[in-house]
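# Topology and contacts: notes
Given next are the chains, with one letter for each unit.
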Amino acid sequence: MLTIVGPTATGKTGVAVAIARELGAEILSGDSRQIYRAMTLGTGKDLSDYTEGGPPVPYHLIDIANPGEKYSIFSFQHDFLRAYRDICARGRLPMLVGGSGLYVESVLQGYRMTPVPQNEALRESLRGKTLEELTVILKSYGKKLHNTTDTDTPRRAIRAIEIEDYYKSHPVEEEEFPRIRSLNFCLTLPREMRWERIRRRLDERLEAGMADEIRALLGLPSPVTLPEGVKAITPEQLMYYGLEYKYITLYVLGRMSLEEMREELYIAIRQFAKRQMTWFRGMERRGIPLIYIDASRPAADTASEILRIWRERT
């Protein structure tokens with residue numbers, strides 16, 4: 001398998017599509033939010049990249065669940081494995097591409113995972129605590145796979161604590177997950193260029209109607225129509241997905257001005273990109289080698305360098 005990771009706004013999709021066309025590959029998304037239907041602009045799916053500039057490139061693990069549905073790492077591993085085996089059975093090359101380090105690492109490390117049930121008593125004891133207090137509690141369990149770096153709401157932090165608490169008192173069930181040989185690349189950008197791309201990308205998505213997408217998901221008047229089978233969800237459910245869905249929900253509900261939302265969201269995305277890089281460097285310490293690639297060049301040039309290394313190594 002060929003794997004491409006990198007923080008947001010490094011152009012992973014465009015680079016991956018160029019490589020996939022050259023190698024006859026199919027892309028498996030490693031993004032924890034792109035699995036949700038109707039969450040397109042907010043998650044940066046860039047679906048047009050898969051069809052523009054050449055033959056369409058097949059993709060998997062995008063638009064496979066409805067907003068508000070429960071979806072876990074356990075679910076992702078099962079869905080990934082099903083798609084991965086299908087791609088291999090058809091003689092195609094699987095490419096794992098995404099910025100959700102937890103999802104990507106769960107595949108590359110071949111972790112054996114088990115679904116974790118809700119613990120209502122624990123949730124009740126944590127209700128009302130601040131995100132800072134929840135973070136301290138989460139850290140007290142020690143550094144484990146589920147201590148995600150993108151826990152940015154109390155609800156997500158409580159779920160992370162719930163998972164850690166479960167594994168502390170329950171032995172993990174042995175569940176087969178194959179060790180997949182993968183050559184792994186991480187796209188990087190100089191800090192100032194990354195910030196500029198984040199700003200530009202955010203402005204482009206706001207201009208494209210990201211707030212209207214969120215209004216539709218909330219069931220508010222909007223020129224955007226939800227796909228068949230997708231129902232509106234509550235503000236709390238939508239803000240659970242963090243970043244764009246948190247700040248723009250507050251904006252459309254009148255709790256933030258446009259400028260406040262834009263600036264605070266821009267800062268939050270910058271911080272998120274920094275945490276993503278921290279996670280990827282941690283993956284190396286945990287035994288997953290990464291080849292760092294400068295993505296400041298045009299996507300075609302970045303793709304060419306990865307292709308050259310891929311052919312040399314394989």
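Fair warning: this is a prediction, and the values are worked out from it, not measured in the lab.

Calculation criteria
- Residues numbered from 1 in each chain as written.
- Predicted model: local features only at pLDDT ≥ 70, side-chain atom pairs only at ≥ 80, totals over all residues.
- Heavy atoms only, no water.
- Pairing = 2+ DSSP bridges.
- Helix = DSSP H or I, 4+ residues; strand = E, 2+ residues; numbered from the N terminus.
- Contact = heavy atoms within 4.5 Å.
- Axes fitted to C-alpha atoms, helices over the stretch in contact; angles between N-to-C directions.
- Parallel < 35°, antiparallel > 145°, perpendicular 65-115°, else oblique.
- Nonpolar A, V, L, I, M, F, W, Y, C, P; charged D, E, K, R; others polar.
- Buried < 20%, exposed > 50% of the residue type's maximum accessible area, 1.4 Å probe, protein only.
- Phe/Tyr/Trp six-rings, centres within 6.5 Å; stacked < 30°, edge-to-face > 60°.
- Lys NZ or Arg CZ within 6 Å of the ring centre and 35° of its normal.

## Points about the sheet that holds strand β6 (residues 291–294)
Read across the open sheet, the six strands follow the order β3-β2-β4-β1-β5-β6; overall the sheet is parallel. Every interior strand has two partners, whereas the edge strands, β3 (59–60) and β6, have only one. By the bridge criterion, three bridges tie strand β1 (residues 2–5) to strand β4 (residues 93–97) in an arrangement that is parallel. Directly across from Ile4, in β4, lies its bridge partner Val97. Sitting on the sheet, helix α2 (residues 73–89) is in contact with β2 (25–29), β3 and β4, with an inclination near 180° to β2. Where helix α11 (residues 258–285) meets the sheet, its contacts fall on β1, β5 (183–188) and β6, and the angle it forms with β6 comes to roughly 145°.

## Some thoughts on the packing of helix α8 (residues 210–217) against helix α10 (residues 244–252)
Where α8 contacts α10, the axes come no closer than 10 Å and their chain directions differ by 80°. Taken together, the axes of α8 and α10 are roughly perpendicular relative to one another. Here α8 contributes Met210, Ala211, Glu213, Ile214, Arg215 and Leu217 to the contact with α10, which in turn contributes Glu244, Tyr245, Ile248, Thr249, Tyr251 and Val252. Residue composition of the contact of α8 with α10, grouped by class: eight nonpolar, one polar and three charged.

## Comments concerning unusual backbone geometry
Of note in the backbone geometry, Leu61 takes a positive phi value of approximately 70° without being a glycine. With respect to the helices, strands and loops of the structure, Leu61 is situated in the loop between β3 and α2. Unusually for a residue other than glycine, Leu243 sits at a positive phi of about 45°. Given a relative accessible area of 7%, Leu243 falls into the buried group.

## Thoughts on the packing of aromatic side chains
This structure, assessed with the given rule, holds seven aromatic pairs. Taking the centre distance of 4.8 Å and the plane angle of 55° together, the rings of Tyr36 and Tyr241 count as tilted. Placement of the pair is Tyr36 in the loop between β2 and β3 and Tyr241 in the loop between α9 (235–239) and α10, with a sequence separation of 205 residues. For Tyr36, a relative accessible area of 4% gives the class buried. Judged by its relative accessible area of 6%, Tyr241 falls in the buried class. Between Arg199 and the ring centre of Tyr266, over which it is positioned, the NZ or CZ distance is 3.8 Å. The ring of Trp195 has Arg270 lying over it, and the distance from NZ or CZ to the ring centre is 3.4 Å.

## With respect to the pairing of β5
The element β5 is extensively covered by neighbouring structure, given that five of its six residues are classed as buried. Two elements, β1 and β5, share four bridges in a ladder whose sense is parallel. Note that in β5 the partner of Thr3 across the bridge is Asn184. Here β5 pairs with β6 via four bridges, running parallel. Considered in β6, the bridge of Phe185 is made with Ile291.

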